[in-house]
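A look at the structure
The lines below spell out each chain.
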Amino acid sequence: MRRVTCFIINPMVLILPLAYISILLAVGNSRLGTDWRRAALRAAMLWMAYLVLLTEVLSLFKAITHTGLFFGWLLPIIAAGFFLWQRFKRGEKILFPKIARPDGWLDWILLGGIVFYLAMTAVVAFRAPPNTFDSLNYHMARVAHWVQNQSIRHYLTGLDIQNNNPPGAEMVLLNIFALTGGDRLVNFAAWAASLVSVVGVSWIAFNLGANRSGQRLAAVFAVSLPMGIAQASSTMNDYVAAFWLVCVGAEIVSFYKDNEPVALLFVGLAAGEAFLTKGTSSAYLLPFGIWIAVLALRRLRIKQTLLYGGVALGLALVLNAGFVTRNLNTYHQMFDPAMSVLHGNQLRNWQGVASNAMRTVGQQLGTPFPKVNAAEFLIIARLHQWMGIDVNDPRTTSIGKFRISAPNFNEVRAINPLHTFLILLICLIVIIKIRRMEKVALFYTLVLLSGLAVYAYLFKWQIFGSRLHLSFLVLFAPMAGYLFSAIARRFKLAEVLGIILLVLSLPWLFRIENRPLLANPAESPFAGKSLLDTPREDWYFVTAGDQAALKNIATSIEQADCHEVALVISGSSPEYLYWVALDAPRPDLRIEWITTSAVSNKLEDPSFAPCAAICEGCQADDHFRDLPKVLDNGSQQLFLKP
């Protein structure tokens, strides 16, 4: 198994950050960027909008290649360069970003902590391959198919969410993969989202009225979330979705402050990007949308509201047009109905909403003390008895049984007890000081809590739900900065809280089970091993798959000089591991599904004539079609043309 490492000398890897920097400088030197933090967020929204447009256009011509993408990304660089050159010719000064100098040694500690956290998650993102099961199952598997097809069109698959789930984050992964020739840098999509989220929450805190210490605390709150640390070096889409929601919040609080109509356009962009990334974003977009609509109607003229609001809605729809059209053409509906049944709340009354909300908060409040956890569980269970429903009612529960567990280092189950406790404290302070609160801060809090209520109304609780709550937790960071910098200012409460958060979250920087920088303990996967002393290739298999068995299958296919391989696997298979084992996608190899149960069967290519088939569950068969069985390791069977 080989994974391409030419990114070290491949200049194409620089085109994506160069395009963003170019857009950032153009925005920062225009009326769109009144503050460099606002410019950073708006540049990210424009960068993503261009990425979606470029990817969709190239996909129409099956031209998503490193060459097509490279020249496509030259266009915004040239456009931004021309804009800056015209500004220079007019004798105007070219402005560059500046970072405010820390004020005192405590501020230096907070800034240093933020930089350290981002640096360490970047190290993990660089060293670790994609290995979360969901990534192997569909996030990276769909990217591999797209790279092979040079298009994001739908394809035959036994796992329909590879086609019909929102593709926004994976479009970014596709651009990185196709430009660099491998998956070495794909984790940096989520890492970049975490970086700019830090900028975004500090900007929101500023607009809420936080001083510099409060803005630093907001950044620390976001960067030190255990689940955020885990997701920042992943190919999952949770942090990317959280970032677009931060952009929505930032534009709305900015509009509250300066009544700039163009903010509505960026709300539309960010909302479209959030929806294109993750369906659960809709829960938070709804109350945000109501808030900005009310603000626009009260502060702008009707014609302005209709014009800017209509264009904003149009931008959101255009960003999602390709994704929705493909789903309608293939599945005759926008979303997978099976996912709606699995994850959609079926008890949409006050009991169902209260149950999901209580369990969401309770799940995040696990402590290292079993007796405390048991007491918390008992309280929530008794409240469910009083409401007349079971704590694990199948109408409100999709995966797993509710329990309150100790903090852990699992990427998809990590909890955030200290941050959640601070959020509960913030809500209490807001209630006590409601008359003395800045109105924008009060409305912002109510909108976030409304988003949580909408989430509880729409979606079931699940044991892996902590990562789905990342958006809510990140969005609450500005309120922590605003409130704790406003009370007990003489005692440096914001700075002290920031240091506490940085210290207590340190273990997650080094001990994420799938990607540890320090050797995993005995009870963890890959016990005694770390990213620093174990080959990167080994870490693909930390959550699933048999490395030796797949290597044996790949060797047999290579020795047979076979160039068309069929996958006859289940929808719960870590498909991307087969691509890894076969060193694919690559030009001289084609990998396709063969299945009889998929809705996407009409997409089967009749010209595909496999000379090998990798099957799961074909133990009793001597042949697959006309291919004889040559290997059987119990989990997979290889059928290979003689």
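Above this text you will find the structure in question.
What comes next is a walk through the structure.

Procedures and definitions
Residues numbered from 1 in each chain as written. Predicted model: local features only at pLDDT ≥ 70, side-chain atom pairs only at ≥ 80, totals over all residues. Heavy atoms only, no water. Pairing = 2+ DSSP bridges. Helix = DSSP H or I, 4+ residues; strand = E, 2+ residues; numbered from the N terminus. Contact = heavy atoms within 4.5 Å. Axes fitted to C-alpha atoms, helices over the stretch in contact; angles between N-to-C directions. Disulfide = S-S within 2.5 Å. Buried < 20%, exposed > 50% of the residue type's maximum accessible area, 1.4 Å probe, protein only. Core = buried A, V, L, I, M, F, W, Y, C linked by side-chain atoms within 4.5 Å. Salt bridge = Lys/Arg side-chain N within 4 Å of Asp/Glu carboxyl O. Expected span 1.5 Å × (residues − 1). Phe/Tyr/Trp six-rings, centres within 6.5 Å; stacked < 30°, edge-to-face > 60°. Lys NZ or Arg CZ within 6 Å of the ring centre and 35° of its normal. Parallel < 35°, antiparallel > 145°, perpendicular 65-115°, else oblique. Left-handed = near helix turned anticlockwise from the far one by under 90°. Nonpolar A, V, L, I, M, F, W, Y, C, P; charged D, E, K, R; others polar.

Sheets are built from strands paired through backbone hydrogen bonds, the pairs being either parallel or antiparallel. Ordered in space as β4-β3-β5-β8-β7-β6, the 6 strands form an open sheet in which the pairing is mixed. Across the chains shown, the open sheet's two edge strands, defined by having one partner strand only, are β4 (590–593) and β6 (623–624). Across the sheet, helix α24 (residues 547–559) touches β3 (564–568), β5 (612–615), β7 (627–632) and β8 (637–640), and the angle it forms with β8 is around 0 degrees.

As a further point, take the state of the cysteines. Per the stated rule, a full pass over the model turns up 2 disulfides. A sulfur-sulfur distance of 1.9 Å marks the disulfide that ties Cys562 to Cys611. The sign of the S-S torsion, about 100 degrees, decides the handedness of the disulfide formed by Cys562 and Cys611: right-handed. Of this pair, Cys562 sits in the loop between α24 and β3 while Cys611 sits in the loop between β4 and β5, and the two are 49 residues apart along the sequence. Here Cys562 matches Cys611 in class, with each residue buried. Two residues share a disulfide in this structure: Cys615 and Cys618, whose sulfurs sit 1.7 Å from each other. Residues Cys615 and Cys618 are joined through a disulfide that is right-handed, its torsion about the S-S bond being 50 degrees. Each member of the pair, Cys615 together with Cys618, is buried.

The subject of this paragraph is the pairing of β7. Relative to β7, β6 runs antiparallel, the two sharing 2 bridges. Counterpart to His623 in the pairing with β7 is Pro628. Here β6 folds back onto β7, and the loop between the two strands holds 2 residues, one of which, Arg625, carries a positive phi near 55 degrees. With 3 bridges connecting them, β7 and β8 associate as antiparallel partners. The residue bridging Lys629 from the neighbouring strand is Phe639, located in β8. In textbook terms, the turn of a hairpin is the stretch between consecutive antiparallel strands, and for β7 and β8 this stretch comprises 4 residues, one of which, Gly634, has a positive phi near 95 degrees.

A few words now on the nonpolar core. Within the largest apolar cluster, 185 residues are counted, with the highest numbers of intra-cluster contacts made by Trp47, Trp73, Trp291, Tyr444, Met479 and Ile557. Contact partners of Trp47, with chain neighbours within four places excluded, come to Leu16, Ala19, Tyr20, Ile23, Trp73 and Val172. The next biggest cluster of nonpolar side chains, apart from the first, holds 10 residues, and it includes Ile594, Phe608, Ala613 and Leu627.

Moving on: the environment of Leu195. Residue position: Leu195 is located in helix α8 (residues 188–208). Remark: the alpha-carbon pair of Leu195 and Asn410, spanning 215 residues in sequence, is separated by 22 Å.

Okay, the pattern of salt bridges next. Under the criterion given, the structure shown has 20 salt bridges. Asp238 serves as the salt-bridge partner of Arg467, at 3.1 Å between the closest nitrogen and oxygen. Within this pair, whereas Arg467 is found in the loop between β2 (461–462) and α20 (470–475), its partner Asp238 is found in helix α11 (residues 238–258), the two being separated by 229 residues in sequence. Here Arg467 falls in the buried class, since its relative accessible area comes to 11%. Ionic pairing is found between Arg590 and Asp605, a salt bridge with its closest N-O pair at 2.6 Å. Taken together, the residues span a long stretch of sequence, with Arg590 in strand β4 and Asp605 in the loop between β4 and β5 at a distance of 15 residues. Overall, the relative accessible area of 32% leaves Asp605 in the partly exposed class.

Here we take up unusual backbone geometry. Going from Ala584 to Pro585, the amide bond is cis rather than trans, its omega being 5 degrees. Looking at the secondary structure, you find Pro585 in the loop between α25 (576–581) and β4. Positive phi is not limited to glycine here, since His332 has a value of about 60 degrees. Among the secondary structure elements, His332 is positioned in the loop between α14 (302–331) and α15 (337–343). In this structure, Asp583 is a non-glycine residue whose phi angle is positive, near 50 degrees. For Asp583, the location among the structural elements is in the loop between α25 and β4. According to the relative accessible area criterion, Asp583 is buried, its value standing at 12%.

A rise of 1.5 Å per residue sets the reference length of helix α3 (residues 66–89), with its 24 residues, at 34 Å; its end C-alpha atoms lie 34 Å apart and thus fit the reference within 8%. For α3, the full list of buried residues reads Leu69, Gly72, Trp73, Pro76, Ala80, Leu84 and Arg87.

It is worth spelling out the packing of aromatic side chains at this point. How two aromatic rings sit relative to each other is given by the distance of their centres and the angle of their planes. Counted according to the given criterion, the structure contains 18 aromatic pairs. Measuring from ring centre to ring centre gives 6.4 Å for Tyr256 and Trp291, while their planes differ by 50 degrees; the resulting arrangement is tilted. Remark: Trp291 occurs in helix α13 (residues 282–299) and Tyr256 occurs in helix α11; sequence separation between them is 35 residues. Taking the relative accessible area as the measure of exposure, Tyr256 reaches 16% and is therefore buried. When its relative accessible area of 8% is taken as the criterion, Trp291 is described as buried. One aromatic cluster is present, formed by Trp47, Tyr50 and Trp73 through successive ring pairs. Here the guanidinium or amino end of Arg184 rests over the ring plane of Phe126, the centre of that ring lying 4.4 Å away.

Our next topic: the packing of helix α5 (residues 133–149) against helix α7 (residues 168–180). It is the contact of α5 with α7, at a shortest axis distance of 9 Å, that shows an interaxial angle of 50 degrees. When the interaxial angle is binned, α5 and α7 end up oblique. The two elements α5 and α7 meet at a crossing, and its hand is right-handed. Facing α5, whose interface residues are Tyr138, His139, Met140, Arg142, Val143, Trp146 and Val147, α7 presents Glu170, Met171, Leu173, Leu174 and Phe177. Taken together, the residues of the contact of α5 with α7 sort by class into 9 nonpolar, 1 polar and 2 charged.

A few words now on the environment of Pro516. Mapped onto the fold, Pro516 is located in the loop between α23 (506–510) and α24. Between the C-alpha atoms of Pro516 and Phe409, which are 107 residues apart in sequence, the distance is 9.3 Å. Sequence-distant contacts of Pro516, defined by excluding residues within four places in its chain, comprise Phe510, Arg511, Lys529, Ser530, Leu531 and Trp539.

Attention shifts here to the side chain of His469. With respect to the element layout, His469 can be found in the loop between β2 and α20. Residue His469 is classed as buried on the basis of its relative accessible area, which comes to 4%. Look past the residues within four positions of His469 in its chain and what remains in contact with it is Thr360, Gln363, Gln364 and Tyr455.

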